[in-house]
Amino acid sequence: MVQAKTSAERGDLTFEVSVLKNCRRNLSETVSARAGDRLCAALDAELKKSRSEWRADKCTRLRGGLTYCLG
């Protein structure tokens, strides 16, 4: 997540999305995720939501600089 935030701050949106995809993939490969752990499912949903929101907001961020801060 730190890499995604740093990439976003640098304006490297392609790498940001790539990092989020890798986070989701790595999470899905864990024993906990495979066992249906609810925390893993919630984290995966949050990563998916974040990625979708950031992609939708990409044009806004490119036009006006980074308008979305990851906290």
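Predicted, not measured: the structure shown is a model, and the values here were computed from it.

J.: When you look at the overall build of the protein chain in this model, what are you seeing that I'm missing?
T.: Counting its regular elements, the protein chain contains five helices and zero strands. Listing the helices and strands of the protein chain from first to last along the sequence gives α-α-α-α-α. Out of the 71 residues belonging to the protein chain, those deemed buried represent 23%. Accessible surface computed for the protein chain: about 5000 Å², of which carbon and sulfur atoms make up 54%.

J.: What am I meant to see in the confidence of the model for the protein chain here?
T.: In regions of low pLDDT, the predicted coordinates are not meant to be interpreted in detail. Confidence along the protein chain averages 77 in pLDDT terms, with 70% of residues attaining 70 or more. The weakest mean pLDDT in the protein chain belongs to helix H5 (residues 58-64) at 57; the strongest belongs to helix H3 (residues 31-34) at 94. Per-residue pLDDT stays below 50 along residues 67-71; that stretch engages in 11 contacts with residues further than four places along the chain or on separate chains.

J.: What exactly am I supposed to notice about the nonpolar core here?
T.: Generally speaking, soluble globular proteins have nonpolar side chains that are buried together. Counting residues in each nonpolar core, the largest one holds six residues, listed as Ala4, Val19, Leu20, Leu27, Cys40 and Leu47. Per-element accounting of this core gives the leading share, three residues, to helix H2 (residues 13-28).

J.: How should H2 be read in this particular structure?
T.: Since the α-helix turns once every 3.6 residues, residues separated by three or four places project in the same direction. With 16 residues, H2 should cover 22 Å at 1.5 Å per step; its first-to-last C-alpha distance of 23 Å lies within 8% of that length. Taken together, the buried positions of H2 are occupied by Leu13, Glu16, Val17, Val19, Leu20 and Leu27. Summarising the axial view, the buried residues of H2 lie within an arc of 155°, below the 170-degree limit, and thus occupy one face.

J.: It is not clear to me how the pattern of salt bridges should be interpreted in this structure. Could you clarify?
T.: Side chains that differ in charge, positive against negative, can pair when their charged atoms come close. Taken as a whole and judged by the stated rule, the model has three salt bridges. Of the charged contacts in the structure, one is a salt bridge between Arg24 and Asp44, with a shortest N-O distance of 2.8 Å. With a gap of 20 residues between them, Arg24 in helix H2 and Asp44 in helix H4 (residues 38-56) connect regions that are remote in the sequence. For Arg24, a relative accessible area of 22% corresponds to the partly exposed category. Ionic pairing is found between Arg25 and Glu29, a salt bridge with its closest N-O pair at 4.0 Å. Accessibility expressed as a relative area gives 44% for Glu29, which makes it partly exposed.

J.: Would you take a moment to explain the environment of Cys40 for this structure?
T.: Along the chain, the position of Cys40 falls in helix H4. For the pair Cys40 and Leu27, spaced 13 residues apart in sequence, the C-alpha to C-alpha distance is 7.2 Å. Those residues in contact with Cys40, other than ones at most four positions away along the chain, are Leu27, Thr30, Ser32 and Ala33.

Calculation notes
Residues numbered from 1 in each chain as written. Predicted model: local features only at pLDDT ≥ 70, side-chain atom pairs only at ≥ 80, totals over all residues. Heavy atoms only, no water. Helix = DSSP H or I, 4+ residues; strand = E, 2+ residues; numbered from the N terminus. Buried < 20%, exposed > 50% of the residue type's maximum accessible area, 1.4 Å probe, protein only. Areas by Shrake-Rupley, 256 points an atom, 1.4 Å probe, with all protein chains shown as cover. pLDDT = per-residue confidence, 0-100. Contact = heavy atoms within 4.5 Å. Core = buried A, V, L, I, M, F, W, Y, C linked by side-chain atoms within 4.5 Å. Expected span 1.5 Å × (residues − 1). Arc of directions from axis to C-beta. Salt bridge = Lys/Arg side-chain N within 4 Å of Asp/Glu carboxyl O.

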